[in-house]
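Close look at the chain arrangement
Letter by letter, the chains look like this.
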Amino acid sequence: MRRLRLTTAGESHGPGLHATLAGMPAGLRVDRAELDLQMRRRMHGYGRGHRMQIESDRVEIRAGVRGGETLGSPIGLWIENRDYANWRGVMGPEALDEKRAELRRLRAPRPGHADLAGGLKYLRRDLRDVLERASARETAARVAAGAFARMLLAAFGIEIGSGVRSLGPVGAGAPPPAWEDLTGMDDASPLRAIDPALEPAMIALVDEAMKSGDTLGGAVTVVAHHVPPGLGSHTHWDEKLDGRLARAVMSVPAVKAVEIGDALAASAGFGSAAHDPIALDPKGGFSRPSNHAGGLEGGVTNGEDVVVTAYKKPISTLRRGLPSVDLDTLEPRESQYERSDVTALPAAGVIAEAMVALVLADALLEKLGGDSMTELQAHWTATRALQAEWPGGRDSG
Ligand SMILES: Cc1cc2nc3c(=O)[nH]c(=O)nc-3n(C[C@H](O)[C@H](O)[C@H](O)COP(=O)(O)O)c2cc1C
């Protein structure tokens, strides 16, 4: 990111998670309910492991906010791991309880996880040293920081939502949703399916995987609504917003492909069906009857909704195990089982929303400049007025 900087720290069963978000302007009202809502949404979803019932994440704001307003200084966030009480002596910074640590040692790397590659890279014999940080628990810190990005975007009318487009084979090939499809769905439904008619078949599939000790992946689509034109830039490869979004969304654990608009379908068809015609809107501005491009042309937002789909591989930890090797004996053995989700797609959608929010907030700050909300609002008004003067411009309202 160019204006915002996010760092996180913390292990899955350590004392807790930190996030430091630098680069936010001063004078943004902090919406505590929004922060709590996003943390709750991340924990929701049919097919999640037992831990979701143990932990109800509460974010403590430790820096950068005074009297409910940001100061422009780095925002420091802390989320305690409630489960840490059971891991003291095993995951804390102090001397380990050798017996208990040995019981928790991971020595058969799990295929699909960072265990083997991370162990080799950092030369750790206990693969728990890798597992603990590679775990998607870290994304709680991202969602907390992302909530601040959402608050900034909301101040300029930009909203973000997501839903599960497909789970395993159910719904695979469904077109990406429009904003109205997301606002019409039930965000609290067990799997947050965009098409509620598919949800029973998805639930049945999760039950089947649960019974057989297997896991599932699928696709979640994030839509950002009311995004102004002109975020990102075509001028340099690293400023292109599609690339910046793809990187951020791909960094969500287990996401292995990112699609902008309906790129997969478009790549299999003709150009005449892939591009969005441009017409003048009688009410002012331009109209696009379709949004195959997902709101991005040349790496710049074009004023249409930004549509990003994350394709998530099935969860790597299978209860029934996968072939691996014991690092002590170098004999073949089944990978070790750690309490695990069967699918985490609904949560992945919320995390992808947070990443999209951070990238869009970063691009908005880059576009508008300024250190305070007052400056940003003034620059926003000026930019909108100048865009309205451009040929075919729409009244900036
Ligand atoms: C919300 C969420 C929850 C996850 N829960 C699990 C889990 O319970 N068990 C598991 O094996 N992987 C889980 N994963 C995926 C792993 O974290 C991920 O596959 C692993 O760290 C390897 O990274 P990679 O798949 O990005 O290469 C989860 C991912 C997300 C986004």
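In what follows, the structure referred to is the one given above.
Let me sum up the structure you'll find in this document. Computed from a predicted structure; not experimentally measured.

Rules and cut-offs
- Residues numbered from 1 in each chain as written.
- Predicted model: local features only at pLDDT ≥ 70, side-chain atom pairs only at ≥ 80, totals over all residues.
- Helix = DSSP H or I, 4+ residues; strand = E, 2+ residues; numbered from the N terminus.
- Rg over C-alpha atoms; globule rule 2.2 N^0.38 Å.
- Buried ≥ 20, exposed ≤ 12 C-beta atoms within 10 Å, placed from the backbone.
- Contact = placed C-beta atoms within 7 Å.
- Pairing = 2+ DSSP bridges.
- Axes fitted to C-alpha atoms, helices over the stretch in contact; angles between N-to-C directions.
- Parallel < 35°, antiparallel > 145°, perpendicular 65-115°, else oblique.
- Left-handed = near helix turned anticlockwise from the far one by under 90°.
- Nonpolar A, V, L, I, M, F, W, Y, C, P; charged D, E, K, R; others polar.
- Expected span 1.5 Å × (residues − 1).
- Arc of directions from axis to C-beta.
- Core = buried A, V, L, I, M, F, W, Y, C linked by C-beta atoms within 7 Å.

A few words on the overall build of the protein. Within the protein, the regular secondary structure consists of 13 helices and 17 strands. The globule rule puts the C-alpha radius of gyration for 397 residues at 21 Å, and the 22 Å found for the protein is close to it. A principal-axis box enclosing the C-alpha atoms of the protein has dimensions of 70 × 50 × 35 Å. Residues counted as buried form 40% of the 397 residues belonging to the protein. Look at the contacts in the protein between residues 6 or more apart in sequence, and 70% of them connect residues 24 or more apart.

A few words now on the pairing of strand E9 (residues 218-225). Remember that side chains alternate between the two faces of the sheet whenever the strand is regular. In terms of burial, E9 is largely enclosed, as seven of its eight residues are buried. Here strand E8 (residues 159-167) pairs with E9 via eight bridges, running antiparallel. When the bridges of E9 are listed, serine 166 appears paired with alanine 219. The pairing of E9 with strand E15 (residues 306-312) spans seven bridges and is classified as antiparallel. Looking at the pairing, valine 220 lines up with alanine 310 of E15.

Across a sheet, strands are paired by hydrogen bonds formed along the backbone, either parallel or antiparallel in direction. The strand order across the open sheet built from four strands is E8-E9-E15-E10, with neighbouring strands paired in antiparallel fashion. A strand with exactly one partner marks an edge of an open sheet, and here the two such strands are E8 and strand E10 (255-260). This sheet shows a mean twist of 20° between the axes of neighbouring strands, independent of strand direction. Across the face of the sheet, helix H9 (residues 241-250) comes into contact with E10 and E15 while running at roughly 150° to E10. On top of the sheet, helix H12 (residues 345-368) reaches E8, E9, E10 and E15; it is set at about 145° to E8, its chief contact.

Time to look at the packing of helix H1 (residues 32-43) against helix H6 (residues 139-154). Where H1 contacts H6, the axes come no closer than 9 Å and their chain directions differ by 140°. One way to sum up the angle between H1 and H6 is to call them oblique. Considering only the axes of H1 and H6, their crossing is right-handed. Contacts between H1 and H6 involve Glu34, Leu35, Gln38, Met39 and Arg42 on the former and, on the latter, Ala140, Val143, Ala144, Gly146, Ala147, Arg150 and Met151. Along the lines of polarity and charge, the residues of the contact of H1 with H6 split into seven nonpolar, two polar and three charged.

It is worth spelling out the sheet that holds strand E4 (residues 59-63) at this point. With antiparallel pairing, the four strands of this open sheet are ordered in space as E1-E2-E7-E4. Here the strands that pair on one side only, and so sit at the sheet edges, are strand E1 (5-9) and E4. The average undirected angle you get between the axes of adjacent strands in this sheet is 20°. Sheet analysis places E4 next to strand E7 (residues 75-80), joined by four bridges and oriented antiparallel.

Quick look at H1 now. An ideal rise of 1.5 Å per residue puts 16 Å on 12 residues; H1 measures up with 17 Å between its terminal C-alpha atoms. Residues of H1 that are buried include every one of Leu35, Gln38, Arg41 and Arg42, and no others. Taken down its axis, H1 places every buried residue within 130° of arc, on the same side. Exposed side of H1, more than 90 degrees from the buried face: Arg32 and Ala33 are the residues found there. Looking at the packing, one finds that the buried side of H1 touches E4, H6 and H12.

Once that is clear, we can look at the nonpolar core. By size, the foremost hydrophobic cluster in this structure holds 86 residues, and its most contacted members are Ala144, Val249, Val356, Leu358 and Leu360. Looking at which element gives the most residues to this core, the answer is H12, with 18 residues. Filtering out sequence-adjacent residues up to four positions away, valine 356 remains in contact with Ile160, Val222, Ala224, Leu245, Val249 and Val308.

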